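Structure at a glance
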Amino acid sequence: MKKLKHLSVVAMAGMMLVACGQNKKEEQVSSAQETETVTVADETATSQVQDTIEVELNAEDTMKFDKNEIRVHAGQQVRLTLNHVGKLPKSSMGHNFVLLSQGTDVNAFATKAVQEGKAPDFEVPESLLTEVIAHTKTIGGGESVTIEFTAPEAGTYDYICSFPGHASMMNGKLIVE
Ligand SMILES: [Cu+2]
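Since the structure is predicted, the reported quantities are computational estimates derived from the model, not experimental observations. (Residues numbered from 1 in each chain as written. Predicted model: local features only at pLDDT ≥ 70, side-chain atom pairs only at ≥ 80, totals over all residues. Heavy atoms only, no water.)

Description of the sheet that holds strand β7 (residues 155-160)
- Spatially, the five strands line up as an open sheet ordered β2-β8-β7-β4-β5, and their pairing is mixed. Every interior strand has two partners, whereas the edge strands, β2 (69-72) and β5 (132-135), have only one. Between one strand axis and the next, the sheet turns through 25° on average, direction left out of account.
- The pairing of β7 with strand β8 (residues 171-176) spans six bridges and is antiparallel. When the sheet's bridge partners are listed, Asp158 is paired in β8 with Lys173. (Pairing = 2+ DSSP bridges. Helix = DSSP H or I, 4+ residues; strand = E, 2+ residues; numbered from the N terminus. Axes fitted to C-alpha atoms, helices over the stretch in contact; angles between N-to-C directions.)

Some remarks on the confidence of the model for the protein
- Per-residue pLDDT for the protein has a mean of 83; in total, 73% of the residues score no lower than 70.
- Taken as a whole, residues 1-44 scores under 50 in pLDDT and shows zero contacts with residues more than four places along the chain or in a different chain. (pLDDT = per-residue confidence, 0-100. Contact = heavy atoms within 4.5 Å.)

Examining the nonpolar core
- Ranked by size, the top nonpolar core spans 26 residues in total, and within it Phe97, Phe149 and Leu174 carry the most contacts.
- If you tally residues by element for this core, the top one is strand β1 (residues 52-59), at four residues.
- Aside from chain neighbours lying at most four places away, what touches Leu174 is Ile70, Val72, Leu99, Phe149, Pro152, Gly155, Thr156, Tyr157 and Tyr159.
- The next biggest cluster of nonpolar side chains, apart from the first, holds 10 residues, and it includes Val98, Phe109, Val124 and Leu128. (Core = buried A, V, L, I, M, F, W, Y, C linked by side-chain atoms within 4.5 Å. Buried < 20%, exposed > 50% of the residue type's maximum accessible area, 1.4 Å probe, protein only.)

Topic: the coordination of the copper ion
- Looking at the copper ion, the protein donor atoms are His95 (ND1), Cys161 (SG), His166 (ND1) and Met170 (SD), and they sit 2.1 to 2.7 Å from it.
- Of note is the copper ion, whose four donor atoms meet at the metal with angles of 85 to 130° in an arrangement that counts as tetrahedral.
- Each donor residue of the copper ion lies on one chain, and together they are spaced H-x65-C-x4-H-x3-M. Note that His95 is positioned in the loop between α2 (90-93) and β4 (98-100) and Met170 in the loop between β7 and β8, a separation of 75 residues in sequence.
- Classification of Met170 as buried rests on a relative accessible area of 0%. (Donors = N, O, S within 2.8 Å, 3.2 Å for Na, K, Ca; no water. Tetrahedral: all angles 85-135°; square planar, octahedral: opposite > 155°, others 65-115°.)

Topic: the pattern of salt bridges
- A complete count under the given rule lists eight salt bridges for this structure.
- Between Asp66 and Lys67 there is a salt bridge whose closest N-O contact spans 3.8 Å.
- Overall, the relative accessible area of 28% leaves Lys67 in the partly exposed class.
- Salt-bridge contacts for Glu177 lead to Arg71; the nearest nitrogen and oxygen are separated by 2.8 Å. Of the two residues, Glu177 sits in the segment after β8 while Arg71 sits in strand β2, which places them 106 residues apart along the sequence.
- A relative accessible area of 45% means that Arg71 is categorised as partly exposed.
- One network of salt bridges, with partners in common, ties together Glu54, Arg79 and Glu148. (Salt bridge = Lys/Arg side-chain N within 4 Å of Asp/Glu carboxyl O.)

A look at the packing of aromatic side chains
- Applying the stated criterion across every chain yields a total of three aromatic pairs.
- Ring geometry for Phe97 against Tyr159: centres 5.2 Å apart, planes inclined by 40°, an arrangement best described as tilted. With Phe97 in the loop between α2 and β4 and Tyr159 in strand β7, this pair connects stretches of sequence that are 62 residues apart. Of the two residues, Phe97 and Tyr159, neither departs from the other in class, the shared state being buried.
- Where Phe122 meets Phe163, the ring centres are 5.8 Å apart and the plane angle is 80°; that geometry is what we call edge-to-face. Highlighted residues: Phe122 in the loop between α3 (106-116) and β5 and Phe163 in the loop between β7 and β8, separated in sequence by 41 residues.
- With relative accessibility at 15%, the residue Phe122 sits in the buried group.
- For Phe163, a relative accessible area of 6% puts it in the buried group.
- In this structure an aromatic cluster arises from ring pairing among Phe65, Phe97 and Tyr159. (Phe/Tyr/Trp six-rings, centres within 6.5 Å; stacked < 30°, edge-to-face > 60°.)

So this is what it looks like as structure tokens:
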């Protein structure tokens, strides 16, 4: 009888050990899963900020960009394509994309671009390039142009079409996050 009691105590102790061991295992498994989840989330966050971002901007024969806001991340390579999906030639309905440095007076810049620009294309005058981060050439109906530039530091930047009379209608904000 005494022996049996002793045996059952040993058996119980053994069962408890097994139970403890199982708990430990489960804990390890669950913590391993958590670590894995965190890693996956990190990878997703990283892949959201791509090295290069493609931006498409369209304008037709009305003086309008189809986007008034473009969002990018600081340091990102921006590959911007401007499509003139209208029919009018650039001499009468030219479009371009001009990204202005922070602190540039948009109206004053647009006025100078007309005064110092040359008909019929009204390319951005060289004298104004110090106020420009990036710009395309002027294009007419059916044409497209692509430029690449590095997104500047975080902030909000104005962009316009500097063709005579267009900037007040054709403008938007590049928001760098
Ligand atoms: Cu325009």
